[in-house]
Amino acid sequence: MSDGAFPDLRFHHVGFSVADIETAIFFYGEVFGMEVEERRYLEPIDTHLAFLRRDDFRFEFFQKGGSRPVPEHRLKPNTDLGEQGTKHPCFSVEDPQVALELLHARPDCEIVGVMRELGKPMLHEADPVLTEGDPRPRAVAFFFRDPNDLIVEILRAANFPD
């Protein structure tokens, strides 16, 4: 594989605009183990920012005074695809069903799509928790909406080996 035009290229961060930066810091710290690396206030543009980091992965969150909320069509993965631009971050875990059930139990996020078989579409499930005798297979991926209405995906790591 070619190094392209930048042989020293490394991933640095993805940025998100949110309504409440403190909520983002708490949620991503508690759920994903990210820690605040840096915080600033940019007075000329009335914007708070925070870099959260886990290992070599960073999110940059912005809270700008007077910003508009996420539009309705961007709140679910299937309708979000109707607009071009950045879509969602994605994390991999060994067992997405465990992550799905953990996040489903939280009052500060909403599961908005579950994939139980590769190649099948994401579907909304009122209750994605599996119980004994449940005929549904374990989730292989899912989307949830965080407390700031950002869509996040979690998928099975084995489907994308390093």
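The preceding data block contains the structure.
Not measured: the values here are computed from a predicted model.

Participant: What exactly am I supposed to notice about the side chain of R145 here?
Facilitator: Within the secondary structure, R145 sits in strand β7 (residues 141-145). A polar contact of 3.2 Å, which involves the side chain of R145, links it to the backbone oxygen of L75. Side chain to side chain, R145 and D149 meet in a polar contact 3.2 Å long. If near-sequence neighbours (up to four positions away) are discounted, R145 is found in contact with L75, D108, C109, E110, V112 and L150.

Participant: I'm lost on the sheet that holds strand β1 (residues 14-17) in this one. Help?
Facilitator: Sheets are built from strands that pair by backbone hydrogen bonding, the pairs being arranged parallel or antiparallel. The four strands are arranged β1-β4-β3-β2 in an open sheet whose pairing can be described as mixed. In the strand order of this sheet, the two ends are held by β1 and β2 (35-42), each with one partner. Between one strand and the next, the sheet's axes are offset by a mean angle of 20°, whatever the strand orientation. On the sheet, helix α1 (residues 21-32) packs against β2, β3 (47-54) and β4 (57-64) and is oriented at approximately 5° with respect to β3.

Participant: It is not clear to me how the pairing of β7 should be interpreted in this structure. Could you clarify?
Facilitator: Within a regular strand, the side chains alternate between the two sheet faces. Across the five residues that make up β7, a large majority, five, are buried. Neither face of β7 is exposed, since A141, F143 and R145 on one face and F142 and F144 on the opposite face are all buried. Of the strand pairs in this sheet, strand β6 (residues 110-115) and β7 are connected by five bridges, and their pairing is antiparallel. Residue pairing for β7: G113 is matched across the bridge by F143.

Participant: It is not clear to me how the pattern of salt bridges should be interpreted in this structure. Could you clarify?
Facilitator: Two side chains that carry opposite charge are able to pair once their charged atoms sit near each other. Tallying each qualifying case throughout the model produces 16 salt bridges. Between R74 and D80 there is a salt bridge whose closest N-O contact spans 2.2 Å. Salt bridges sharing common partners tie together E37, R53, D56 and R58.

Participant: Just checking my understanding: could you explain the environment of F11 for this structure?
Facilitator: Among the secondary structure elements, F11 is positioned in the segment before β1. Residues F11 and E22 lie eleven residues apart in sequence; the distance between their C-alpha atoms is 25 Å.

Participant: Honestly, the sheet that holds β7 in this entry has me stumped. Any pointers?
Facilitator: Strands sit in the order β5-β8-β7-β6 across an open sheet of four strands; the sheet is mixed. Looking at the sheet topology across the chains shown, the edges are occupied by β5 (90-93) and β6. Taken over all neighbouring pairs, the strand axes of this sheet differ in orientation by 20° on average, direction set aside. For β5 and strand β8 (residues 151-156), the ladder comprises four bridges, and the chain directions are parallel. Bridge assignment links C90 to a residue of β8, and that residue is E153. In the packing of helix α3 (residues 96-104) onto the sheet, contacts are made with β5, β6, β7 and β8, and the angle to β7 comes to roughly 20°.

Participant: I keep staring at the layout of surface pockets and nothing clicks. Help me out?
Facilitator: Here the largest pocket is characterised by a volume of approximately 560 Å³. Together, 24 residues line the largest pocket, and S17, V70, P71, D149 and L150 are the ones closest to its centre. By residue number, the principal contributor to the lining of the largest pocket is β1, which donates three residues. Split into classes, the residues belonging to the lining of the largest pocket amount to ten nonpolar, eight polar and six charged. Volume-wise, the second largest pocket comes out at about 340 Å³. Lining the second largest pocket are 13 residues, with F32, R54, F91, S92 and V93 sitting closest to its centre. The dominant element in the lining of the second largest pocket, judged by the number of residues it contributes, is β5, at four residues.

Participant: Any chance you could explain unusual backbone geometry here in plain terms?
Facilitator: Of all residues except glycine, most have a negative phi; of all peptide bonds, most are trans. Positive phi outside glycine occurs at D55, with the angle close to 55°. Following the sequence through the fold, D55 ends up in the loop between β3 and β4. Phi is positive for D149, close to 70°, though the residue is something other than glycine. With a relative accessible area of 30%, D149 lands in the partly exposed category.

Cut-off values and rules
All residue numbers here refer to positions counted from 1 along the written sequence of the relevant chain. Only residues with pLDDT of at least 70 are given local features in this predicted model, and only at 80 or more are side-chain atom pairs given and counted; all residues enter the totals for whole chains, interfaces and linings. Side-chain numbers here rest on the full set of heavy atoms in the structure, without hydrogens or water. Every helix listed is a DSSP run of H or I at least four residues long, and every strand listed is a run of E at least two residues long, numbered separately from the N terminus. Whenever two N or O atoms come within 3.5 Å, that pair is a polar contact, provided that in protein one can donate a hydrogen and the other can accept it, and provided that, for residues adjacent in sequence, both atoms are side-chain atoms. Note on contacts: a residue pair qualifies if any of its non-hydrogen atoms lie within 4.5 Å across the two residues. Pairing between strands is defined by DSSP: at least two bridges between the two strands are required. Every axis corresponds to a line fitted to the C-alpha atoms, with the helix fit spanning only the stretch in contact, and the corresponding angles, defined between N-to-C directions, vary from 0 to 180 degrees. Relative accessible area decides the class of each residue, using a 1.4 Å probe on protein chains only: under 20% of the type maximum gives buried, over 50% gives exposed, and in between gives partly exposed. Note on definitions: salt bridges are taken to be side-chain nitrogens of Lys or Arg within 4 Å of carboxyl oxygens of Asp or Glu. Points on a 1 Å grid over protein atoms alone make up a cavity when a 1.4 Å probe fits among them but cannot get out, and a pocket when they form an open set with protein on both sides within 12 Å along at least five of seven lines; lining residues each have an atom within 4 Å of a point. Grid points are joined across faces, edges and corners, and a volume is the space filled by probe spheres set on the points. Three classes are used, and their members are as follows: Ala, Val, Leu, Ile, Met, Phe, Trp, Tyr, Cys and Pro are nonpolar, Asp, Glu, Lys and Arg are charged, and the others, Gly among them, are polar.

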